[in-house]
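# Close look at the chain arrangement
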Amino acid sequence: MKKFVMIHDENLCIGCEACSVACKNENQIPSGVFRVQVHAKMKGVFPNLQTDFTRASCVMCEDSPCVSVCPTGASFKLANGITLIDENLCVSCKYCILACPYNARFLNPITKAIDKCTFCYPNRVSDGLTPACVSVCPTDALIFGDINDNNSEVNKVLASKSVEYPKAHLGTKPKLGFIKNTKGGRYE
Amino acid sequence: MNNMAGSLMQYNEIYWPWPIALYLFLAGLSAGCLMVSLIVKFNRFTHNTNSIWDATIKAGALISPLAISLGLLLLIIDLGKPLTFYLLLIKYNFTSVMTLGVLFLLVYTPLAFLYALIIFEREIGLYFRFLIPITNSIRKMANFAKMIEYVLFFLALCVGAYTGFLLSAISKIPLWNTPILPLLFVVSAFSCGIAANILVGILFFKAHLNKENIKYLLVLDLRAIMLEIPILLLLFVGMYYSGGESLISLKAIFSHEFYSKLFWFGVLGTGLILPILIALTALKNHAYKPAFIIINSLAVLVGVVMLRFFIVYAGQVCIS
């Protein structure tokens, strides 16, 4: 059984938003809303400033709050760890948007259903491709693969680098990990 | 946080706006009115079941189905896809509080209407003759109907409590994510149920008014309000000692320009302090002064509306 994992290396990210644009293009996301965005967070005191680029998208929790609160079962999990939304079952009550600790969900203004990152599972990953964001990343800051495959790139990265999972104290067990920024915008 | 490209709107929206706040009030009002109506019926007419129904019983029986119907309408309107609401009735997810609420309401709402039919049997005989077959069939099952009343009381309690659990299941919002919230909602629902029953009873069912019952209910209401203040205090103290995001949210709420005022003047001032002051001055020693009783009831009702708006909005706006 495959288990998909994504890792965002914040040291390699340059904040170019190519992932966000590729996602909008691939998944036909209406303007004004985003499945994935890269946010810039500046910290420190001048002149010792550091800018972190953080990815804001669904983190594919193992124990997803959005799935447990969904009243119709429109939000569901696949065995491979990916959380999806059945547009036809969604009544758009927005309970899942409130329940999501990662602010990953939004109301799609065209379908009126709730929308979020799917790891491009229906349109790309199920055909053996990588998600759109991963495929366009110019610095290879995004690493995607099957954690149960010992030779996959994610396993090599997980073995060699320290990967943090967002809001780990909530016990949601995310499948999107982060290699925290230590240097700032290196490619700036 | 700074956006490098594109809008950040989707992260800062009020996802549950005023229709939800109003629904939470109406569901509480409906459940409260029904509970109070049943309490008066159980406690006051044990020996004399043939006495003419009391004004407060009638008021509760009238308000409860109307309030829940209006509330459910608001709930449906607020859906992003209102016409798909039927999916909520056929697809269940038992880990979701919303599904549990749907199931409670599915039984509660028709029973609330049936309860109104029983209480207004005489009026229906006069003005709504097409409903007579229903009231007659209920009368044939009179013993059974008595048992249903206890079920209905329990269901009203469930409806009142579920609105609290609905919010407290959201771990992201510290103001909602406390076990005390369902208790606060039940107590305030009970309190506003008393106020609404007294108000409607005095205004519309004067002929059946029983001063002893009004006094009995005013005492109950005062106790509910006295209980609400420590519950609110517990809610905030709990958030304070939880620290972290809860503490940040608490500070944000009480330093917020609008929501802090809404709490101090609306929720606490109008809804809790004013009724206590009226009870201690104008209505001292259980004096029966209709004008002050009406002001008292209005203050309680306005206070509970404000409480629901405060919880719903301040919770969503002031997240860490």
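What you are looking at is a predicted structure, and each value in this text was computed from that prediction instead of being measured. (Residues numbered from 1 in each chain as written. Chains lettered and ligands numbered in written order. Predicted model: local features only at pLDDT ≥ 70, side-chain atom pairs only at ≥ 80, totals over all residues. Heavy atoms only, no water.)

### Re the overall build of chain B
- Check the secondary structure of chain B and you find twelve helices and one strand.
- In chain B, the succession of helices and strands from N to C terminus is β-α-α-α-α-α-α-α-α-α-α-α-α.
- Compactness check: chain B gives a C-alpha radius of gyration of 21 Å against a globular reference of 20 Å for 320 residues, within 12% of the reference.
- Once the C-alpha set of chain B is aligned to its principal axes, its extents read approximately 70 × 50 × 30 Å.
- A fraction of 79% describes how many contacts in chain B between residues 6 or more apart in sequence connect residues 24 or more apart.
- As presented, chain B carries roughly 14700 Å² of accessible surface, and 71% of it is formed by carbon and sulfur atoms.
- Both charge centroids of chain B, one from 20 positive and one from 11 negative side chains, sit 7 Å from each other. (Helix = DSSP H or I, 4+ residues; strand = E, 2+ residues; numbered from the N terminus. Rg over C-alpha atoms; globule rule 2.2 N^0.38 Å. Contact = heavy atoms within 4.5 Å. Areas by Shrake-Rupley, 256 points an atom, 1.4 Å probe, with all protein chains shown as cover. Lys, Arg positive; Asp, Glu negative; His and termini not counted. Charge placed at Lys NZ, Arg CZ, Asp CG, Glu CD.)

### So, the interface of chain A and chain B
- Counting from both sides, the interface comprises 38 residues of chain A and, opposite them, 34 residues of chain B.
- The junction of chain A with chain B conceals about 3100 Å² of combined surface from both sides, 59% of it contributed by carbon and sulfur atoms.
- Contact with chain B buries area across many residues of chain A, yet Val91, Tyr95 and Leu98 of chain A alone supply 23% of it, more than any other trio.
- For the interface between chain A and chain B, the tally reads zero salt bridges.
- At the surface where chain A touches chain B, the tally comes to 21 residue pairs in polar contact (both at pLDDT 80 or more).
- Where the side of chain A that touches chain B is concerned, the elements lending two or more residues are strand E2 (37-45), strand E3 (48-56), helix H2 (65-69) and helix H3 (95-99) of chain A.
- Partitioned by chemical class, the residues of the side of chain A that touches chain B number 22 nonpolar, eleven polar and five charged. (Buried area = accessible area lost by both parts, 1.4 Å probe. Salt bridge = Lys/Arg side-chain N within 4 Å of Asp/Glu carboxyl O. Polar contact = N/O pair within 3.5 Å; in protein donor to acceptor, adjacent residues only side chain to side chain. Nonpolar A, V, L, I, M, F, W, Y, C, P; charged D, E, K, R; others polar.)

### Remarks on the pattern of salt bridges
Residues and elements named next belong to chain B.
- Overall, the coordinates contain ten salt bridges over all chains when judged by the stated rule.
- The closest approach of N and O atoms between glutamate 149 and lysine 41, which form a salt bridge, is 2.6 Å. With glutamate 149 in helix H7 (residues 142-168) and lysine 41 in helix H1 (residues 18-44), this residue pair connects regions lying 108 residues apart in the sequence.
- Overall, lysine 41 belongs to the buried group, its relative accessible area being 7%.
- Taking the shortest distance from any N to any O, the salt bridge between glutamate 123 and lysine 58 comes out at 2.8 Å. Placement of the pair is glutamate 123 in helix H5 (residues 121-127) and lysine 58 in helix H2 (residues 55-78), with a sequence separation of 65 residues. (Buried < 20%, exposed > 50% of the residue type's maximum accessible area, 1.4 Å probe, protein only.)

### Examining unusual backbone geometry
Residues and elements named next belong to chain A.
- The residue methionine 60 is not glycine, and still its phi comes out positive at about 50 degrees.
- Checked against the element boundaries, methionine 60 lands in the loop between E3 and H2.
- Phi at phenylalanine 119 takes a positive value of approximately 60 degrees, unusual for a residue other than glycine.
- Relative to the elements of secondary structure, phenylalanine 119 occurs in the loop between strand E7 (114-115) and helix H4 (132-136).

### A closer look at the sheet that holds strand E1 (residues 4-9) of chain A
Residue and element names in this part refer to chain A.
- The mixed open sheet is built from three strands, whose spatial order is E8-E1-E9. If you trace the sheet from one side to the other, it starts and ends with strand E8 (142-146) and strand E9 (176-179), each paired once. Across the sheet, the axes of successive neighbouring strands diverge by a mean angle of 20 degrees, strand direction being ignored.
- Judged from the four bridges that link them, E1 and E9 form a sheet pairing that is parallel. Each residue of the ladder has a partner; that of isoleucine 7, found in E9, is glycine 177.
- Together, E1, E8 and E9 form the strand contacts of helix H5 (residues 153-160), whose direction differs from that of E8 by roughly 115 degrees. (Pairing = 2+ DSSP bridges. Axes fitted to C-alpha atoms, helices over the stretch in contact; angles between N-to-C directions.)

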